[in-house]
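Here's the letter readout for the chains.
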Amino acid sequence: SLPPGVRAFWSHGSAASSGIALFVKQSFLNQFNPVKPEDWHVLIEGRLGYLHLEGPLGSLRLFTCYFKTRTDVEDRQNRLLAHQLIADAVPPKVECRSSIAGDFDYVINPEDRWSVPSGLRSRVNDSVDADTFQNLIAGPHGFHELFLLTNLSANCISAIPPNTNTPPINWGTLNTSVNRI
């Protein structure tokens, strides 16, 4: 069961994949209009969805994703489709702020991938996926990344705008991207 004061929104995966979930504190949701079932949108069952929140202070779209590991041409097409669906579902920043979190299952920076047998950096990245994210989502919608300066297995991205007194958020090993507030 969920901890007290937490709501969950999810889409089940298959026997081969776990699915996606978004856990949100009710105290955060209380800053918006009451959440209705139709505010949770599943774009790809078990892989991609978002929660749309509206309230007196504005709108927020919280995306969550679980990209399939790329192993063949069909997987490449599925990843491209997921990128395109996110790009199509992100509204203009003047209307709504957006955040993307989840397991993108690709590495942008060659320094982030380690070879398990050798324990050394492999210096390999997934440049096609990184370019697709940049060209379809980050560039057109103004998403920005903040990388943790630790040897984590995932890039971490935060919504902290520059030149504020807001403390950094430690997102752990979660891949997250948000458009600048």
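Presented here is a report on the structure given in the accompanying data block. (Residues numbered from 1 in each chain as written. Predicted model: local features only at pLDDT ≥ 70, side-chain atom pairs only at ≥ 80, totals over all residues. Heavy atoms only, no water.)

If you tally the helices and strands in the protein chain, you get three helices and eight strands. Counting from the amino terminus, the protein chain carries its helices and strands in the arrangement β-β-α-β-β-β-α-β-α-β-β. Sorting the 181 residues of the protein chain into buried and exposed places 38% on the buried side. Expressed as a percentage of contacts within the protein chain between residues at least 6 apart in sequence, the contacts between residues at least 24 apart total 50%. Approximately 10,500 Å² of the protein chain is accessible, and the part contributed by carbon and sulfur atoms is 57%. (Helix = DSSP H or I, 4+ residues; strand = E, 2+ residues; numbered from the N terminus. Buried < 20%, exposed > 50% of the residue type's maximum accessible area, 1.4 Å probe, protein only. Contact = heavy atoms within 4.5 Å. Areas by Shrake-Rupley, 256 points an atom, 1.4 Å probe, with all protein chains shown as cover.)

When you tally the buried positions in strand β5 (residues 58-66), you get seven out of nine residues, the bulk of the element. Taken together, the eight bridges between strand β4 (residues 48-55) and β5 define a ladder with antiparallel strand orientation. Each bridged residue has a counterpart across the sheet, and for G55 the counterpart in β5 is G58. The turn joining β4 and β5, which pair antiparallel and follow one another in sequence, is formed by two residues. Strand direction decides the pairing type here: β5 and strand β6 (residues 97-103), joined by seven bridges, are parallel. Bridging from a neighbouring strand, F63 pairs with I100 of β6. (Pairing = 2+ DSSP bridges.)

This part is about the side chain of T132. Tracing the backbone through its elements, the reader meets T132 in helix α3 (residues 127-141). Sequence-distant contacts of T132, that is, excluding residues within four places in its chain, are made with L80, H83 and I137.

Tallied over the entire structure, the rule returns two salt bridges. The residue R79 makes a salt bridge to D129 at a minimum N-O spacing of 3.3 Å. Of the two residues, R79 is situated in helix α2 (residues 73-89) and D129 in helix α3; the sequence distance between them amounts to 50 residues. There is no split in this pair, since R79 and D129 are both buried. Within this structure, R76, R79 and D129 form a network of salt bridges that share partners. (Salt bridge = Lys/Arg side-chain N within 4 Å of Asp/Glu carboxyl O.)

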